[in-house]
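Here is what each chain is made of, one letter per residue.
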Amino acid sequence: MKRTRLFMAIAALLVLTVLPSAGNAAIPAAQLVAICQNLYGPVFGSPNSEPFGVCQWDMAIINAGNSGSYAHAKGNGVRVGVIDSGVDFTHPDIAPNVDVARSCSFIFTDTPTADPQEIANGNCADKAAVRDLNGHGTHVSSEIAAPINGIGNAGVAPEATIVALKACTIAGFCFADSVAAALRYAGDQQLDVVNLSLFADPFLYYCKSDAEQRSILREMETAARYAEQRGVVIVASAGNEQADLHHPMIDSISPDWPPDSAVVREVKNNCRVAPAELPQTLTVSATGPIGYPGYNLWIADYSSVGVDVAAPGGDYFRATGTVQDAVLGAVPIGSELWSAFDPLNAVFPGITTTDGGAGYVYLNGTSMASPHAAGVAALVSGVHPTWSPGAVKAAVERTAQPTSCPPNWQPLGPADERLKCYGGGGYTSFFGHGLVDALAAAQE
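Fair warning: this is a prediction, and the values are worked out from it, not measured in the lab.

> Mind laying out the sheet that holds strand β3 (residues 161–166), listing which residues take part and the relevant values?
Spatially, seven strands are ordered β2-β3-β1-β4-β6-β10-β11 in an open sheet, and the strand pairing comes out parallel. One side of each edge strand has no neighbouring strand; the edge strands of this open sheet are β2 (104–105) and β11 (309–312). The pairing of β2 with β3 spans two bridges and is parallel. Note that in β3 the partner of C104 across the bridge is L165.

Have a look at this one:
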């Protein structure tokens, strides 16, 4: 759920502070593979045979790959809606698995920050409007369902079908009316799973004591309930605010539109993050490369908690001191994310790379964790196509790897609201039922 605009702001700051002359090209694939082999090969091996397989520590720790889940399920026949910034229909490492016919843009004429190219007003015949100008949606999609095709990465469910449901603008804003429309459409299409790596603008927390916020939250709840009743499993990121969703404290970023309208306010349990805290949602926190020697943080330094399950979302510099501690995924060359991160290679080698003429970027966030869980849900749906959304969610939770609280946990700074990791016996506030397990889920 870390906003793409926040990613870009970080990248811009790095360019200004450490790279006076930007423009360094992505490093060659072979160079990145050598970096990954040195960092992760001895610890995690290579979970798949794709060129960047050895870079996919994220797949290794959830047992997704050739020696894990792929022998049992790959998501064939499962349709996963990605409610995000669109998808690059031309990226060779995601295009084979995209259902263009069902993909649709829910960016409207009055959607703030929209590029005119994105506006379709729900006219699903306008496929050009689904194009991913930002890059975030393509990255998320590749984590779910990048095919095994000899290019780049492999996804958790490499034979699943992606339906791009565009609800986020080029600037990374995902307004609630667009998100709700996309959820209703997912229900109309009876998709199997949807992933939402976002929170619905303009509020982080929607408080029922406020009439406007209560109305927007009700619209989201109604749309999610409709989608679930039509068979859709809803998976969402917990957020990157270092918050405990069970014990919220401060919201300092709402409303985030119009500009400069945010106020600092105390929030309590009558306030909800949407879609993360909608009743229908499987909510996901983020981890770094659990299992890497000396990496004892486990919960990603930014991740909000109070969730159902955890999944790898990356944790820049925390395990190996490199950007490779994040998650590598497909991104369109020339997109906003690509343009922001590509100049950083001189300082952070391999933060972008190419394979088969297509782009890849290392990102971290609960945005990256949620699609791993959505991919696992897709595996369960493929094995058990008649199961209800509740049964699929329960299977993802039941098969997760129980994950204890980080040893000697202390908040990481004054803004860190994760004051305590609590729970036990197979459930903790930081990791829910535990780290998702693709192999165990595929064998359900």
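> Can you tell me about the state of the cysteines, naming the residues and giving the values?
One pass over the structure, following the stated rule, counts five disulfides. Sulfur-sulfur distance for the disulfide between C104 and C124 comes to 2.1 Å. Between C104 and C124, the S-S dihedral sits near -85°, and the bridge is therefore left-handed. Of this pair, C104 sits in strand β2 while C124 is found in the loop between β2 and α5 (136–145), placing the two residues 20 residues apart along the sequence. Since its relative accessible area comes to 1%, C104 is described here as buried.

> Summarise the side chain of D437; cite the residues concerned and give the values.
Among the structural elements, D437 can be located in the loop between β16 (427–428) and α11 (438–442). For D437, which is buried and forms no salt bridge, the nearest opposite charge comes from R398, at a distance of 12 Å. A distance of 3.1 Å separates polar atoms of two side chains, one belonging to D437 and the other to N63. Setting aside chain neighbours within four positions, we find D437 in contact with I62, N63, V376, T399, A400 and Q401.

> Any details on unusual backbone geometry? Residues and values, ideally.
Residues other than glycine predominantly adopt negative phi, and peptide bonds predominantly adopt the trans conformation. P202 follows D201 through a cis peptide bond whose omega is 15°. Of note, P202 is situated in the loop between β4 (193–196) and β5 (205–207). In this structure, P258 follows W257 across a cis peptide bond, with omega equal to -5°. Relative to the elements of secondary structure, P258 occurs in the loop between β7 (250–254) and β8 (263–266). Unlike most non-glycine residues, T113 shows phi in positive territory, near 70°. On the secondary structure map, T113 appears in the loop between β2 and α5. Judged by its relative accessible area of 24%, T113 is partly exposed. Even without being glycine, W298 reaches a positive phi, approximately 70°. Structurally, W298 can be placed in the loop between β10 (281–287) and β11.

> How would you explain the sheet that holds strand β14 (residues 358–363) if you had to name every residue and give the values?
Pairing within the open sheet is antiparallel, and its three strands lie in the order β12-β14-β13. Both edges of this open sheet fall to β12 (327–330) and β13 (352–355), since each of them pairs with a single strand only. When strand polarity is set aside, the average angle formed by the axes of neighbouring strands in this sheet is 30°. As defined by bridge partners, β13 adjoins β14 across four bridges and the pair is classed as antiparallel. By the bridge assignment for β14, D355 is matched with A358. Set on the sheet, α5 makes contact with β12 and β14; between it and β12 the angle comes to about 105°.

> Could you give an account of the pattern of salt bridges, naming the residues involved and the relevant values?
Following the criterion strictly, the structure yields seven salt bridges and no others. With a closest N to O distance of 2.9 Å, R265 and D251 form a salt bridge. One end of the pair, R265, is in strand β8; the other, D251, is in strand β7, and 14 residues separate them in sequence. Accessibility expressed as a relative area gives 17% for R265, which makes it buried. With its nearest N and O atoms 2.3 Å apart, the salt bridge here joins R398 to E444. With R398 in helix α10 (residues 389–398) and E444 in the segment after α11, this residue pair connects regions lying 46 residues apart in the sequence.

Parameters at a glance
- Residues numbered from 1 in each chain as written.
- Predicted model: local features only at pLDDT ≥ 70, side-chain atom pairs only at ≥ 80, totals over all residues.
- Heavy atoms only, no water.
- Pairing = 2+ DSSP bridges.
- Helix = DSSP H or I, 4+ residues; strand = E, 2+ residues; numbered from the N terminus.
- Disulfide = S-S within 2.5 Å.
- Buried < 20%, exposed > 50% of the residue type's maximum accessible area, 1.4 Å probe, protein only.
- Lys, Arg positive; Asp, Glu negative; His and termini not counted.
- Salt bridge = Lys/Arg side-chain N within 4 Å of Asp/Glu carboxyl O.
- Polar contact = N/O pair within 3.5 Å; in protein donor to acceptor, adjacent residues only side chain to side chain.
- Contact = heavy atoms within 4.5 Å.
- Axes fitted to C-alpha atoms, helices over the stretch in contact; angles between N-to-C directions.

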